[in-house]
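Residue strings, one per chain:
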Amino acid sequence: MYSARTKDIEVEVEPYYLEEQSDPDESRYVWGYRIVISNHSSKPVRLVQRYWHITDENGLVDEVEGLGVVGEQPHLKPGDSYEYSSGCPLDTPSGMMFGHYQMETDDGETMIVDIPAFSLDSPGQLRILN
């Protein structure tokens, strides 16, 4: 589990490899990830936009932006959490992702909330540490 906290908004990420959707012989590797966003602040917030920076094993970068997440712009009151799952395909057996959400309070204040960097690793892949 990966976690980041920005202005009392916590984002936790749990990535997992989707073997049934992957086909290594065709250079297709797919991961799912579960995200939990928790509002520990004293103000209600709405998730307005998302930004993802996705890098594959070869250093190829893909940037993804859009409104909300999974078709929603969740509103979190103080103490609320919101959970969703999504996925990411790559042409390589590993990669990494990070990003941010643009959140807005009910009184119009906007803030950028970090999504922690997390790795996408195929099971059984040899890891080399430098």
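Once a new chain begins, its residue numbering starts again from 1 and follows that chain's sequence as written. Per-residue local features of the predicted model are confined to residues with pLDDT of at least 70, and side-chain atom pairs are confined, for both listing and counting, to 80 or more; whole-chain, interface and lining totals are unaffected and use all residues. Heavy atoms throughout the structure, all of them, feed into the side-chain values; hydrogens and water do not.

## Let's talk about the overall build of the chain
Okay, so step 1: Strands are runs of DSSP state E lasting at least 2 residues, helices are runs of H or I lasting at least 4, and numbering of each runs from the N terminus. Helices and strands together make up the secondary structure of the chain, namely zero helices and nine strands.
Okay, so step 2: Ordering the α and β elements of the chain from the N terminus gives β-β-β-β-β-β-β-β-β.
Okay, so step 3: Overall, the C-alpha framework of the chain stretches about 50 × 30 × 25 Å when taken along its three principal axes.
Okay, so step 4: Exposed residues in this analysis have more than 50% of their type's maximum accessible area, buried residues have under 20%, and partly exposed residues fall in between, with area computed by a 1.4 Å probe over protein chains only. Looking at the chain as a whole, 40% of its 130 residues qualify as buried.
Okay, so step 5: When contacts within the chain are restricted to residue pairs at least 6 apart in sequence, long-range pairs at least 24 apart make up 63% of them.
Okay, so step 6: Accessibility throughout is a Shrake-Rupley quantity obtained with a 1.4 Å probe, and a residue counts as covered only by protein chains that appear here. Working note: accessible area of the chain is about 7,400 Å², and carbon and sulfur atoms make up 45% of it.
Okay, so step 7: Taking the 9 positively charged and 24 negatively charged side chains of the chain as two groups, their mean positions are separated by 9 Å. Any pair of residues with heavy atoms lying within 4.5 Å of one another is described as a contacting pair. The sign given to each residue is positive for Lys and Arg and negative for Asp and Glu; His and the chain ends receive no count. For charged residues, the charge sits on one atom: NZ in Lys, CZ in Arg, CG in Asp, CD in Glu.

## Comments concerning the environment of Asp 80
Okay, so step 1: Examined against the element boundaries, Asp 80 turns out to sit in the loop between β6 (75-76) and β7 (81-90).
Okay, so step 2: Separated by 39 residues in sequence, Asp 80 and Ser 41 place their C-alpha atoms 9.7 Å apart.
Okay, so step 3: Leave out the neighbours within four places in its chain, and Asp 80 touches Ile 37, Ser 38, Asn 39 and His 75.

## Description of the nonpolar core
Okay, so step 1: As used here, the term nonpolar core means buried Ala, Val, Leu, Ile, Met, Phe, Trp, Tyr and Cys residues forming a set that is joined through side-chain atoms within 4.5 Å. Counting 27 residues, the largest nonpolar core has Ile 35, Ile 37, Trp 52, Tyr 101 and Met 103 as its most contacted members.
Okay, so step 2: Residue assignment for this core shows that the elements contributing at least two residues are β2 (9-17), β3 (29-39), β4 (45-56), β7, β8 (94-105) and β9 (110-121).
Okay, so step 3: The contact partners of Ile 35, leaving out residues within four places of it in the chain, are Val 11, Glu 12, Val 13, Trp 52, Tyr 82, Glu 83, Tyr 84 and Tyr 101.

## Observations concerning unusual backbone geometry
Okay, so step 1: For Lys 7, which is not glycine, the phi torsion reads 50° and is therefore positive.
Okay, so step 2: Examined against the element boundaries, Lys 7 turns out to sit in the loop between β1 (2-6) and β2.
Okay, so step 3: Positive phi is not limited to glycine here, since Val 70 has a value of about 40°.
Okay, so step 4: Inspection of the secondary structure puts Val 70 in the loop between β5 (61-67) and β6.

## Description of the environment of Met 97
Okay, so step 1: Positionally, Met 97 belongs in strand β8.
Okay, so step 2: Looking at Met 97, the relative accessible area reads 1%, which means it is buried.
Okay, so step 3: Taking C-alpha positions, Met 97 is 22 Å from Asn 39, a pair spaced 58 residues apart along the chain.
Okay, so step 4: Sequence-distant contacts of Met 97, that is, excluding residues within four places in its chain, are made with Tyr 33, Trp 52, His 53, Ile 54, Cys 88, Pro 116, Ala 117, Phe 118 and Leu 120.

## A short note on the pattern of salt bridges
When the charged atoms of two side chains with opposite charge come close together, those side chains can pair.
Okay, so step 1: Each salt bridge in this description consists of a side-chain nitrogen of Lys or Arg and a carboxyl oxygen of Asp or Glu lying within 4 Å of one another. In total, this model carries five salt bridges according to the counting rule given.
Okay, so step 2: Put simply, Glu 14 and Arg 34 hold a salt bridge, and the shortest N to O gap is 3.0 Å. With Glu 14 in strand β2 and Arg 34 in strand β3, this pair connects stretches of sequence that are 20 residues apart.
Okay, so step 3: The exposure class of Glu 14 is partly exposed, given its relative accessible area of 33%.
Okay, so step 4: In this structure, Asp 107 and Lys 43 form a salt bridge, with 3.9 Å as the shortest nitrogen-oxygen distance. Of this pair, Asp 107 sits in the loop between β8 and β9 while Lys 43 sits in the loop between β3 and β4, and the two are 64 residues apart along the sequence.
Okay, so step 5: Residue Lys 43 is classed as partly exposed on the basis of its relative accessible area of 34%.

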